[in-house]
Amino acid sequence: MSDEALKNLTTPNAAIGQGHDNLMNHFSTLALHADDTPNELSVSPAISLSTTFKHLPGQTHEEDVDLANPSRHFYSRYTTPVSVRVEKVLSKIMNGHALTYSSGLAAATAAIIHYAPKRIAITGGYMGVHGIIDIVKRINKDLVVIDLDDDYQPGDLCWVETPLNPTGEARDLAKYAAKIHAVGGKLVCDATFGPPPLQDPFQFGVDCIMHSGTKYLGGHSDLLCGVLVVKTINEWRELINDRVYLGSTMGSLESWLLLRSLRTLHLRVQQQSQSATELARWFQQVAEIPAGEEWDGVPGGIVQQVMHTSLQKVDQNGFNPEVQMPGGFSPTFSIWLRTTEMAQKLPFEVKLFTAATSLGGVESLMEQRVVSDPASDPRLVRLSIGLEGVEDLKHDLRLALKRVQG
């Protein structure tokens, strides 16, 4: 093999995803080919476990390298071959400029530090974000937290989680975008419960999209990851500079696992969404059955309430969740049982659901949410729907609900 041929086998990351952009028009194609590397012989990319990389004679400082398209790597806290590849794919499927982090909370922390708000407008949602805000308030004692529906002023950051954890209902992004932009503020959307291709928050005025990639993006309950996506490469460069010194870079193994998972994201999420929607509507019918009666083999009077984006009506302002989530509804939703004791028992009576926290994996999970979030209603049970057959899940739930009734 000639020296030139050998050189071509080590094409730098700068060439990733280039050469056939005009052929990539669909989500599935982007997920599979946005990181294609010319002259790469391996079908599956290497994990690249090295933390550091050899210097070349006469090379310049790290700051002279374009970290978005690096021609070489210096140190894994900056970039690695596989981390660059996974960020290329994320950027393409999310229509922006994506950066990965060591966890969802690391990504949320980076966003709050980046925007440095005087006040944060946030209501409900994932308890971890509220924990981060409490930590930031120890450093910046002037930071104020307000409700999403309070009046905004310059210097505010609006933080909207949609669909909402743990209940799964959607919030009106366009409304909050107009409200925060009117005072010159920024809107961050935690879209963990609505991964692509279910929704694209940028279409509704969001400035920054955040994901706990541990959930649907990873999808196999085997990696921790966070993602921020912004609209401009300049803002991305500011974020990666911060990430270098925050030390919240995702590991190479996790980067590889995430890249593997993104290849099937559209297949997994759309099926999970369809199954969750069918189950949520089934539970809604169950909830309408009075005690002493039975429907579809399920005793009435046990399930009291169901919340899911598919059950939301168009609100008084004309917000229709179906317009904001054209790809399908959240694969996670919640039910309320009649008593705390029933909510404690149900996750251990089902056989096809695993009693565990988290969500988004290929396996179905069920959790009495108060076990992980002490502020939750103890009667609330959160369900993350996986890839099992929906009729099998229904049958499992029928039998479990009968056992819960006693």
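Relevant structure appears above.
Residue positions are given per chain, counted from 1 along the sequence in the order it is written. With the structure being a predicted model, the display of local features is reserved for residues of pLDDT at least 70 and the display and counting of side-chain atom pairs for 80 or more, all residues being used for whole-chain, interface and lining totals. Hydrogen atoms and water are omitted, and side-chain values are computed over all heavy atoms in the structure.

A. Up close: the nonpolar core. We call a set of buried Ala, Val, Leu, Ile, Met, Phe, Trp, Tyr and Cys residues a nonpolar core when their side-chain atoms join them within 4.5 Å. Burial status follows relative accessibility: with a 1.4 Å probe on protein chains alone, a residue under 20% of its type maximum counts as buried, one over 50% as exposed, and anything between as partly exposed. If you look at the biggest cluster of nonpolar residues, it comprises 46 residues, and the most contacted ones within it are Ile-93, Leu-258 and Leu-262. The helix and strand labels rest on DSSP assignments: H or I over at least four residues marks a helix, E over at least two residues marks a strand, and numbering proceeds from the N terminus. Sorting the residues of this core by element identifies helix H2 (27-33), helix H3 (81-93), strand S4 (156-161), helix H6 (173-181), strand S5 (186-190), strand S7 (226-230), helix H8 (252-262) and helix H9 (265-287) as the ones contributing at least two each. Element by element, the count of residues in this core is highest for H3, at five residues. Contacts are residue-level and defined by heavy atoms, with any inter-residue pair within 4.5 Å sufficient. In contact with Ile-93, not counting residues within four places along its chain, are Phe-27, Leu-30, Ala-31, Pro-196, Leu-262 and Leu-265. Ranked by size, the runner-up nonpolar core spans 30 residues in total, among them Ala-110, Cys-208, Val-230 and Val-244.

B. Region of the structure containing the sheet that holds strand S10 (residues 303-307). Taken in spatial order, the five strands of this open sheet run S10-S11-S14-S13-S12, and their pairing is mixed. Of all the strands in the sheet, the pair left with one neighbour each is S10 and strand S12 (354-355). Its contacts with the sheet place helix H11 (residues 340-349) against strand S11 (332-337), S12, strand S13 (365-368) and strand S14 (380-384), and it is angled at close to 155 degrees to S13. Strand pairing is assigned whenever DSSP identifies at least 2 bridges connecting the two strands. Helix axes are fitted to C-alpha atoms over the stretch in contact, other axes to C-alpha atoms as well, and angles between N-to-C directions run from 0 to 180 degrees.

C. Expanded view of the side chain of Thr-167. Counting through the fold element by element, Thr-167 comes out in the loop between S4 and H6. Definition of a polar contact: a pair of N or O atoms within 3.5 Å, with one able to donate and the other able to accept a hydrogen when the atoms are protein atoms, and with sequence-neighbouring residues admitted only if both atoms are side-chain atoms. At a separation of 2.2 Å, a polar atom in the side chain of Thr-167 contacts the side chain of Glu-169. When neighbours within four sequence positions are excluded, Thr-167 is seen to be in contact with Met-307, His-308, Phe-333, Ser-334, Trp-336 and Leu-380.

D. Representation of the pattern of salt bridges in the model. The term salt bridge refers to a pairing of a side-chain nitrogen on Lys or Arg with a carboxyl oxygen on Asp or Glu at a separation within 4 Å. One pass over the full model with this rule turns up 14 salt bridges. Across the salt bridge formed by Arg-260 and Asp-222, the nearest N and O atoms sit 3.1 Å from each other. Taken together, the residues span a long stretch of sequence, with Arg-260 in helix H8 and Asp-222 in the loop between strand S6 (208-212) and S7 at a distance of 38 residues. Using a relative accessible area of 28% as the deciding quantity, one classes Arg-260 as partly exposed. Using a relative accessible area of 35% as the deciding quantity, one classes Asp-222 as partly exposed.

E. Fine view of the sheet that holds strand S2 (residues 119-121). Reading across from one edge, S1-S7-S6-S5-S4-S2-S3 is the order of the seven strands in this open sheet, with mixed pairing throughout. Looking at strand neighbours, the two that pair on one side only are strand S1 (97-101) and strand S3 (144-146), the edges of this open sheet. On average, each strand axis in the sheet is inclined to that of its neighbour by 20 degrees, with strand direction left out of account. Two strands pair when backbone bridges link them, and S6 and S7 are joined in this way by five bridges, in the antiparallel orientation. Considered in S7, the bridge of His-211 is made with Val-227.

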